[in-house]
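Next come the chains, spelled out residue by residue.
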Amino acid sequence: MLRAQDVPTRWEVRYHDSGAGHLFTTVTLTWGTGPDAGHTRLAVQSDLSTKLISDIEDAPSA
């Protein structure tokens, strides 16, 4: 669930790693369009057995 004043205009999910029963992905949310678009990068951890998100943090800069 996202709680924001607006909704992202684009999103991208990339596989990062897996291990110890978890899947790690990086989610990039794009806010707005054009050269002034903002980006939010999130590191998302999911539990492989339940397929539920178990943690979300700010992702390190690329």
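Look up a bit, the structure's there.
All figures in this text were calculated on a predicted structure; none of them were measured in a lab.

## Side note on the sheet that holds strand E3 (residues 38-47)
Here comes step 1: Taken in spatial order, the four strands make up an open sheet running E1-E2-E3-E4, and their pairing is antiparallel. A single partner strand is all that each edge strand has here, and the edge strands are strand E1 (10-19) and strand E4 (53-58). If you compare each strand with its neighbour and ignore which way they point, the axes differ by 25 degrees on average.
Here comes step 2: Examined bridge by bridge, E3 and E4 share five bridges and lie antiparallel to one another. What sits directly across from Val44, in E4, is Ile56.

## Notes on the pattern of salt bridges
Here comes step 1: All chains considered together, the criterion is met by two salt bridges.
Here comes step 2: A salt bridge links Arg10 to Glu12; its shortest N-O distance comes to 4.0 Å.
Here comes step 3: Note on Arg10: relative accessible area 48%, which makes it partly exposed.
Here comes step 4: The residue Glu12 makes a salt bridge to Arg14 at a minimum N-O spacing of 2.5 Å.
Here comes step 5: Glu12 gets classed as partly exposed once you look at its relative accessible area, which sits at 24%.
Here comes step 6: Arg14 sits in the exposed class, given a relative accessible area of 52%.
Here comes step 7: When salt bridges with common partners are traced through the structure, they connect Arg10, Glu12 and Arg14 into a single cluster.

## Notes on unusual backbone geometry
Here comes step 1: Non-glycine residue Ala20 carries a positive phi angle of around 55 degrees.
Here comes step 2: Positive phi is not limited to glycine here, since Lys51 has a value of about 65 degrees.

## So, the environment of Val13
Here comes step 1: With respect to the helices, strands and loops of the structure, Val13 is situated in strand E1.
Here comes step 2: Note on Val13: relative accessible area 53%, which makes it exposed.
Here comes step 3: On a C-alpha basis, the gap between Val13 and Leu52 in space is 15 Å, while along the polypeptide they are 39 residues apart.
Here comes step 4: Those residues in contact with Val13, other than ones at most four positions away along the chain, are Thr25, Thr26 and Val27.

Each value, and the rule that gives it
Residues numbered from 1 in each chain as written. Predicted model: local features only at pLDDT ≥ 70, side-chain atom pairs only at ≥ 80, totals over all residues. Heavy atoms only, no water. Pairing = 2+ DSSP bridges. Helix = DSSP H or I, 4+ residues; strand = E, 2+ residues; numbered from the N terminus. Axes fitted to C-alpha atoms, helices over the stretch in contact; angles between N-to-C directions. Salt bridge = Lys/Arg side-chain N within 4 Å of Asp/Glu carboxyl O. Buried < 20%, exposed > 50% of the residue type's maximum accessible area, 1.4 Å probe, protein only. Contact = heavy atoms within 4.5 Å.

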